[in-house]
Amino acid sequence: MERDYGREIDELKGMVAELAQRDEKVRMLPDSHMRRMAGNKHQSKQLRELCKRSLDDGGTGAVSYVGVFSSGGRQSNWISERDTDSLLALIESNAAAKVLTSIGNNDRLNMLLALLRAPKTVAQLVEHCGFNTTGQVYHHLKPLLAADLVAEDGEKRGHYAVVPHRVQGIIMVLAGVSDLLDPKHSTSEMWIEHDIDDEE
């Protein structure tokens, strides 16, 4: 079989043009727009990289976050990245609903807050969270234990604490709530309202 070099060259040109177009989509996002969204040059560069990777992967996007939380003599540090398709899948699988249901109660959130600050006994939770009985504490503790958000502290018998590897998730849920409540995130400046192809 004879090779059609003209067709092969045309296909290669098309592939090169597609790659160049993807790169151009990211490059054409103005630096000022990126800085306004990200806050500084370092964050702007990270945002540009996420945009490029998202275009290359053909997914819906990605989220990258870094954090530190220190309280009660303990510290949690994290650097994490998630693709948004896997995050959206948490809704489809009902996993998000199960976790949010386990914390979606003011008494449980107050309990999590108290335990984020320092491990506490059931009696201390009664006093600190304003419960009337230990039964109320156990009632709200049960779903937090089942969701693996809280466990008996290995260092202090009879004390409960937030599971160390869950601190990041709880703080990031609160960061998301903060974004939902922040008026600046409801303005068009934070959202590219038109296709990147339309940027000039």
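Please read these numbers as outputs of a predicted model, since none were measured by experiment.

**Q** Whenever I open this one, helix α7 (residues 122-129) confuses me. Can you help?
**A** Counting along an α-helix, one turn takes 3.6 residues, and residues three or four places apart therefore face a common direction. Burial in α7 covers these residues: V122, L125, V126 and C129. Seen end-on, α7 carries its buried residues on one side only, within an arc spanning 105 degrees. Within α7, the exposed residues directed more than 90 degrees away from the buried face are A123 and E127. Buried residues along α7 sit in contact with α6 (106-117), α8 (134-146) and β4 (160-162).

**Q** Honestly, the packing of α7 against α8 in this entry has me stumped. Any pointers?
**A** The angle between the axes and the distance between the axes are what describe a pair of packed helices. Across the interface, α7 lies against α8 with an axial gap of 9 Å and an inter-helix angle of 95 degrees. As judged from the angle between their axes, α7 and α8 are roughly perpendicular. Residues V122, L125 and V126 of α7 pack against T134, V137 and Y138 of α8. Taken together, the residues that form the contact of α7 with α8 break down as five nonpolar, one polar and no charged.

**Q** What should I look at first to understand the pairing of strand β1 (residues 62-71) in this one?
**A** Both faces of the sheet carry side chains from a regular strand, because those side chains alternate between them. Note that β1 and strand β2 (residues 74-83) share ten bridges and pair antiparallel. Residue pairing in the sheet places A62 in a bridge with D83 of β2. Taking the residues that link successive antiparallel strands as the turn, the β1-β2 hairpin has two residues, and the phi of G72 there is positive, at about 60 degrees.

**Q** I keep staring at the nonpolar core and nothing clicks. Help me out?
**A** Formed by 22 residues in total, the largest nonpolar core has its most connected members in M111, V137 and V150. Where this core is concerned, the elements lending two or more residues are α6, α7, α8, β4 and α9 (167-181). Dropping the residues within four chain positions of it, M111 is found in contact with L125, C129, F131, V137, H140, L141 and L144.

**Q** Explain the pattern of salt bridges to me, please; I cannot follow it from the model alone.
**A** Where charged atoms from two side chains of opposite charge approach closely, those side chains can pair. Evaluated as defined, the whole model comprises three salt bridges. The residue D153 makes a salt bridge to R74 at a minimum N-O spacing of 2.5 Å. One end of the pair, D153, is in the loop between β3 (150-152) and β4; the other, R74, is in strand β2, and 79 residues separate them in sequence. Its salt-bridge partner being R166, residue D148 comes within 2.9 Å of it at the nearest N-O pair. Of this pair, D148 sits in the loop between α8 and β3 while R166 sits in the loop between β4 and α9, placing them 18 residues apart in sequence. Classification of D148 as partly exposed rests on a relative accessible area of 31%.

**Q** I would appreciate a short explanation of the side chain of K120 in the present structure.
**A** Here K120 shows up in the loop between α6 and α7. For the buried residue K120, which engages in no salt bridge, the nearest side chain bearing the opposite charge is E127, 10 Å off. Of the polar contacts made by the side chain of K120, one reaches the backbone oxygen of A118; its length is 3.4 Å. Once you skip the residues sitting within four places of it in the chain, K120 turns out to touch A114, L115, L125, H128, G158, H159 and Y160.

**Q** Mind showing me how you'd approach the packing of α6 against α8 here?
**A** Direction vectors running N to C along α6 and α8 enclose 80 degrees, while the axes themselves pass 10 Å from each other. With respect to each other, α6 and α8 are oriented roughly perpendicular. Only V137, H140, L141, P143 and L144 of α8 make contact with α6, whose side of the interface consists of D107, R108, M111 and L112. Within the contact of α6 with α8, the residues separate by chemical class into six nonpolar, one polar and two charged.

**Q** Which parts of the structure should I look at to understand the environment of Q46?
**A** Counting through the fold element by element, Q46 comes out in helix α3 (residues 41-57). Taking relative accessible area as the criterion, Q46 reaches 37% and is therefore assigned partly exposed. Separated by 18 residues in sequence, Q46 and S64 place their C-alpha atoms 8.4 Å apart.

**Q** Sorry if this is basic, but what is going on with unusual backbone geometry here?
**A** Comment: phi is negative for the bulk of residues other than glycine, and the bulk of peptide bonds are trans. Notably, N94 is not glycine yet its phi reads approximately 70 degrees, a positive angle. Looking at the secondary structure, you find N94 in the loop between α4 (84-92) and α5 (95-103). N94 gets classed as partly exposed once you look at its relative accessible area, which sits at 46%.

Cut-offs and rules
Residues numbered from 1 in each chain as written. Predicted model: local features only at pLDDT ≥ 70, side-chain atom pairs only at ≥ 80, totals over all residues. Heavy atoms only, no water. Buried < 20%, exposed > 50% of the residue type's maximum accessible area, 1.4 Å probe, protein only. Helix = DSSP H or I, 4+ residues; strand = E, 2+ residues; numbered from the N terminus. Arc of directions from axis to C-beta. Contact = heavy atoms within 4.5 Å. Axes fitted to C-alpha atoms, helices over the stretch in contact; angles between N-to-C directions. Parallel < 35°, antiparallel > 145°, perpendicular 65-115°, else oblique. Nonpolar A, V, L, I, M, F, W, Y, C, P; charged D, E, K, R; others polar. Pairing = 2+ DSSP bridges. Core = buried A, V, L, I, M, F, W, Y, C linked by side-chain atoms within 4.5 Å. Salt bridge = Lys/Arg side-chain N within 4 Å of Asp/Glu carboxyl O. Lys, Arg positive; Asp, Glu negative; His and termini not counted. Polar contact = N/O pair within 3.5 Å; in protein donor to acceptor, adjacent residues only side chain to side chain.

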